[in-house]
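Next come the chains, spelled out residue by residue.
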Amino acid sequence: MTQNRLNSRPDLPRGVRRYTPDDLPVMTDIFNESALGGTSSPVLRAFSLKEMTFFVDCFVKEGDPIYVLERAGEVVAWLIVNRFCWGAQACRLTGEVSIYVRNDHIGSGVGIRLGQAAVVLAKRYGFETLVAWIIEHNEASKRGVQGLGATQWGRFPGIARFADNRADVVLYGLHLTPGDTASISLSAPAQNEEASLA
């Protein structure tokens, strides 16, 4: 990994903490803003709170990190780093990151902070590689992952369909520096991973 000031911090950014079940309603709202906002999300309908709870519980059972970012006491974004969706055994040390930002905080730097948190968490949980799937025209997300040092590893032409329009899906990846990963088991997350105030 080519280190830069965005991907080399050792601690979580300020305001980032592990999610709690009390966060699920606002996490659902943020997710649904993305889903109903047009063509930047692969999800095309709103989730109910019950569906979101089931969705999150599946990742919790796998020991995947789910974190939120607070500003002024409000949750304004959240992320999950789960195991890569293809080749679960052979690719078990590859993490797949998803970030959801409340609409009124897009462009405020929140996405970059959660991107930094994803790198920190991936190292803590023993992942060697991080990847992100992005709809081609989602320029904000592409700029964010590129700022963290990720590069485009693949393109899937025209596989996303939004009504009568099609879009490419691009895969960005980042190899984490060997030796930087922590010794946390992928199935046993640490109990005390709160954000640093530094």
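To keep things clear, this report deals only with the structure shown in the data block. Numbers given to residues run from 1 along each chain, matching the order in which its sequence is written. Where totals are concerned, whole chains, interfaces and linings use all residues; where local detail is concerned, this predicted model gives features only for residues with pLDDT of at least 70, and gives and counts side-chain atom pairs only at 80 or more. Only hydrogens and water are set aside; all other atoms, that is, all heavy atoms of the structure, feed into the side-chain values.

**Regarding the pairing of strand β6 (residues 151–162)**
Moving on, step 1. A strand pair is defined by DSSP finding two or more bridges across the two strands. Under the DSSP-based scheme used, a helix requires at least four consecutive residues in state H or I and a strand at least two consecutive residues in state E, with every element numbered from the N terminus. Two elements, β6 and strand β7 (residues 165–175), share eight bridges in a ladder whose sense is antiparallel. Along β7, the bridge assignment pairs T151 with G173.
Moving on, step 2. Between β6 and β7, which pair antiparallel one after the other, the connecting turn spans two residues, and A163 there sits at a positive phi close to 55°.

**Some remarks on the packing of aromatic side chains**
The geometry of two aromatic rings is summed up by the distance between their centres and the angle between their planes.
Moving on, step 1. Between the rings of Phe, Tyr and Trp (Trp by its six-membered ring), a pair exists once the centres lie within 6.5 Å; its type follows the angle of the planes, with under 30 degrees stacked, over 60 edge-to-face, and the other angles tilted. In the structure shown here, the tally under the stated rule is eight aromatic pairs.
Moving on, step 2. Between F31 and Y100 the ring centres are 5.1 Å apart and the planes differ by 55°, which places this aromatic pair in the tilted class. With a gap of 69 residues between them, F31 in helix α1 (residues 24–36) and Y100 in strand β4 (residues 94–101) connect regions that are remote in the sequence.
Moving on, step 3. Judged by relative accessible area, which is 3%, F31 ranks as buried.
Moving on, step 4. When accessible area is computed with a 1.4 Å probe and restricted to protein chains, residues below 20% of their type maximum are described as buried, those above 50% as exposed, and intermediate ones as partly exposed. Taking the relative accessible area as the measure of exposure, Y100 reaches 13% and is therefore buried.
Moving on, step 5. Pairing F84 with W133 gives two aromatic rings, centres 6.2 Å apart and planes at 5°, and the pair type is stacked. Of this pair, F84 sits in the loop between β3 (74–83) and β4 while W133 sits in strand β5 (residues 129–135), and the two are 49 residues apart along the sequence.

**Description of unusual backbone geometry**
With the exception of glycine, most residues fall at negative phi, and the peptide bonds are largely trans.
Moving on, step 1. A positive phi is found at A72, a non-glycine position, where the angle reads about 50°.
Moving on, step 2. Relative to the assigned elements, A72 resides in the loop between β2 (66–71) and β3.
Moving on, step 3. Taking relative accessible area as the criterion, A72 reaches 87% and is therefore assigned exposed.
Moving on, step 4. The phi dihedral of A163 falls on the positive side, at around 55°, and the residue is not glycine.
Moving on, step 5. Its location among the elements puts A163 in the loop between β6 and β7.

**What about the pattern of salt bridges?**
Moving on, step 1. A pair is scored as a salt bridge if a Lys or Arg side-chain nitrogen falls within 4 Å of a carboxyl oxygen belonging to Asp or Glu. Inspection of the entire model under this criterion finds nine salt bridges.
Moving on, step 2. The shortest N-O distance in the salt bridge between D23 and R17 comes to 2.8 Å. The two residues D23 and R17 agree in class, both being buried.
Moving on, step 3. One salt bridge in this structure joins K142 and E139, with 3.3 Å as the shortest N-O distance. Pair noted here: K142 and E139 are both in helix α4 (residues 139–147), with a separation of three residues, about one helical turn.
Moving on, step 4. E139 gets classed as partly exposed once you look at its relative accessible area, which sits at 40%.
Moving on, step 5. Residues participating in the shared-partner salt-bridge network are E136, E139, K142, R155 and D168.

**Topic: the environment of L130**
Moving on, step 1. Considering the arrangement of structural elements, one finds L130 in strand β5.
Moving on, step 2. Residue classification places L130 among the buried residues on the basis of a relative accessible area of 7%.
Moving on, step 3. For the pair L130 and A118, spaced 12 residues apart in the sequence, the C-alpha separation amounts to 8.4 Å.
Moving on, step 4. Two residues form a contact once any of their heavy atoms are found within 4.5 Å. Setting aside residues no more than four positions away along its own chain, L130 makes contact with V81, G95, V97, A118, V119, A122, Y172, G173 and L174.

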